[in-house]
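Summary of the model geometry
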Amino acid sequence: MFKYEFTAKFIAKVLAVSLLIVLLLSFYFIKSNKEIVYVDSVKLFDGFVMTKEMKKVGEKEFNSRKAVLDNLYATLQNPETSEAVKAQLMQEFVRGKEEFHQFEQAFISEESSKIWKRIKSYSSEFSKDKDYKLIIGSNSQSNVLFADDEIDVTDDLLIYLNKKYEGLN
């Protein structure tokens with residue numbers, strides 16, 4: 001009878017230890033298997049090489065159009081300019097300023113849309129490569145109130161995006 005109790009206790013201990021090991025391994029694999037991750041959307045957008053290139057293109061056109069407006073404004077401020085010419089230049093200046101703002105808004109909207117389309121395309125490939133099921137975009141005004149730094153893949157995705165964009169990946 002003593003042998004039977006010893007065997008039952010032994011089996012119970014082995015089962016308890018085995019269960020503990022299984023639970024610990026399950027927890028490890030669940031924790032290390034990051035299927036849901038997040039990125040800092042602002043950092044991603046600003047760090048993307050395509051964004052930097054589009055900003056340079058936009059600044060060139062922006063500065064060119066601004067120079068025309070600055071010249072009109074300088075002529076308007078010149079005391080030697082007649083009132084009749086000033087009236088005509090003022091109309092041109094107002095029209096030019098409106099066109100300038102429309103260009104600025106359209107450029108930002110169109111280029112941002114192109115950039116996000118590319119980011120989404122590359123992010124899809126990145127997700128497949130890393131076996132991620134969901135990448136949540138986050139920024140300071142987002143709905144994500146907390147995310148552990150362990151699941152932040154912003155830097156990894158940014159490196160991937162830039163290599164892909166430059167044809168290195």
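Residues numbered from 1 in each chain as written. Predicted model: local features only at pLDDT ≥ 70, side-chain atom pairs only at ≥ 80, totals over all residues. Heavy atoms only, no water.

Quick word on helix α4 (residues 83-130)
Here α4 is 48 residues long and its end C-alpha atoms lie 68 Å apart, about the 70 Å a rise of 1.5 Å per residue gives. One or two residues past the end of α4 sits D131, with phi positive at roughly 60°. (Helix = DSSP H or I, 4+ residues; strand = E, 2+ residues; numbered from the N terminus. Expected span 1.5 Å × (residues − 1).)

With respect to the packing of helix α3 (residues 49-77) against α4
Two numbers describe how α3 lies on α4: the axes approach to 9 Å, and their chain directions differ by 175°. When the interaxial angle is binned, α3 and α4 end up roughly antiparallel. By residue class, the composition of the contact of α3 with α4 is 15 nonpolar, four polar and eleven charged. (Axes fitted to C-alpha atoms, helices over the stretch in contact; angles between N-to-C directions. Parallel < 35°, antiparallel > 145°, perpendicular 65-115°, else oblique. Nonpolar A, V, L, I, M, F, W, Y, C, P; charged D, E, K, R; others polar.)

Looking at helix α5 (residues 154-165)
Over its twelve residues, α5 extends 16 Å from the first C-alpha to the last, a length consistent with the 16 Å expected when each residue adds 1.5 Å. Looking at α5, one finds that the buried residues are T154, L157, L158, Y160, L161 and N162. Tucked into the core, α5 has its buried residues touching β1 (36-40), α2 (41-47), α3 and α4. In the stretch just after α5, G167 is the one whose phi turns positive, near 75°. (Buried < 20%, exposed > 50% of the residue type's maximum accessible area, 1.4 Å probe, protein only. Contact = heavy atoms within 4.5 Å.)

Regarding the environment of K130
Along the chain, K130 turns up in helix α4. Each C-alpha atom of the pair K130 and E35 lies 8.7 Å from the other, and the pair is 95 residues apart in sequence.

Re the pattern of salt bridges
Inspection of every chain in the model, using the stated rule, returns five salt bridges. Note that D155 and K43 form a salt bridge whose closest N and O atoms lie 2.7 Å from each other. Remark: K43 occurs in helix α2 and D155 occurs in helix α5; sequence separation between them is 112 residues. Exposure remark for D155: the relative accessible area of 43% places this residue in the partly exposed category. Put simply, D70 and K66 hold a salt bridge, and the shortest N to O gap is 3.2 Å. Taken as a pair, D70 and K66 lie in helix α3 at a separation of four residues, close to a single helical turn. Given the relative accessible area of 40%, D70 is considered partly exposed. (Salt bridge = Lys/Arg side-chain N within 4 Å of Asp/Glu carboxyl O.)

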